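Fold and contact review
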Amino acid sequence: MHGTIFSLLKRYVQTQYDHSTWVQLTELAGISSLDFNSKTVYPDEHMYALIGYAAQQTGIPAGELHEKFGEYLVPDLLYMYQKLMRPEWKTLEMLEHTEAVMHTHVRREHTENAPPVLDVKRVSENEVIIDYVSPRRMGGLAVGIVRGLATYFDEADRIDVQPTTSEDGERVQIRVRRN
Ligand code: HEM
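Residues numbered from 1 in each chain as written. Predicted model: local features only at pLDDT ≥ 70, side-chain atom pairs only at ≥ 80, totals over all residues. Heavy atoms only, no water.

In the nomenclature of an unreviewed UniProt entry, the chain corresponds to Heme NO-binding domain-containing protein from the organism Hymenobacter aranciens.

**What to know about the environment of glutamate 99**
In this structure, glutamate 99 sits in helix α5 (residues 91-109). Along the chain, glutamate 99 and valine 120 lie 21 residues apart, while their C-alpha atoms are 7.8 Å from each other. Polar contacts involving the side chain of glutamate 99 include one to the main-chain amide nitrogen of leucine 118, which spans 3.0 Å. (Helix = DSSP H or I, 4+ residues; strand = E, 2+ residues; numbered from the N terminus. Polar contact = N/O pair within 3.5 Å; in protein donor to acceptor, adjacent residues only side chain to side chain.)

**A word on the pattern of salt bridges**
Tallied over the full model, the rule gives twelve salt bridges. Arginine 11 serves as the salt-bridge partner of aspartate 76, at 2.9 Å between the closest nitrogen and oxygen. You can see aspartate 76 sitting in helix α4 (residues 62-80) and its partner arginine 11 sitting in helix α1 (residues 3-16), a full 65 residues away along the chain. By relative accessible area, which is 24% here, aspartate 76 ends up partly exposed. In this structure arginine 11 comes out as partly exposed when scored by relative accessible area, which is 34%. A salt bridge links glutamate 99 to arginine 107; the shortest N-O distance between them is 3.1 Å. Counted as one network, the salt bridges with shared partners bring together Glu93, Glu96 and Arg122. (Salt bridge = Lys/Arg side-chain N within 4 Å of Asp/Glu carboxyl O. Buried < 20%, exposed > 50% of the residue type's maximum accessible area, 1.4 Å probe, protein only.)

**Here's the deal with the domain arrangement of the chain**
You can read the domains of the chain as domain 1 (3-60) and domain 2 (67-178). Between domain 1 and domain 2, the contact holds 13 residues from the first and twelve residues from the second. Interface area for domain 1 against domain 2, summed over the two sides, is near 1,300 Å², with a carbon-plus-sulfur share of 69%. Per-residue buried area on domain 1 facing domain 2 is highest for Leu8, Tyr12 and Val41; these three make up 41% of the total on that side. Viewed at the interface, domain 2 and domain 1 are joined by two salt bridges. Linking domain 1 to domain 2 there are four residue pairs in polar contact (both at pLDDT 80 or more). Elements represented by at least two residues in the side of domain 1 that touches domain 2 include exactly α1 and α3 (44-58). Of the residues forming the side of domain 1 that touches domain 2, the biggest block, seven residues, is contributed by α1. Residues of the side of domain 1 that touches domain 2, tallied by class, amount to eight nonpolar, two polar and three charged. (Domains from an automatic or database assignment. Contact = heavy atoms within 4.5 Å. Buried area = accessible area lost by both parts, 1.4 Å probe. Nonpolar A, V, L, I, M, F, W, Y, C, P; charged D, E, K, R; others polar.)

Printed below as a string of structure tokens:
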């Protein structure tokens, strides 16, 4: 997984908890380097181990932590890839363009990058259906990212995010409605 996602997980743990929690998690996960480079791709197993131990330490279920972390990621991710965004996009438009614009760009940056395939259908003016497919089974992160986008675009009170399948499968469907 992209080094940026690891750097943001580190910052998330440091700000929500503290630095020593982060050091403890890396020790438990058997990770020697405490810093991550945005140009390097790190093993997915490290991400599972870090979130798994974080869930153990905090008592918060791993699925919920994935969601919270997904929400937290959004402003930094958008800042990094802001040149790809259009000023008129809000939450639903951003979702509609993530696969073709954002994730396609991420795949080109590094051959080892493998963001999930998102099949996003705009079923009506106020609704999109996202079909997430990834062997990483990080649907919780996807749900969190959608919530984070709604907050980012100042639409959190209007956007309803509803997974219609279990969040930990290889295929997860998420319904997003604007009221
Ligand atoms: C809006 C701008 C977005 C950007 C710039 C972005 C960028 C990225 C990047 C850089 C990765 C790491 C890929 C890798 O290490 O191989 C990633 C992974 C991921 N993205 Fe996105 N993403 C965006 C939107 C979304 C949205 C809207 C969703 C969900 C609906 C989503 C779901 C995920 C998930 C769940 C992963 C974790 C890897 C996996 O499950 O296979 N992303 N994304």
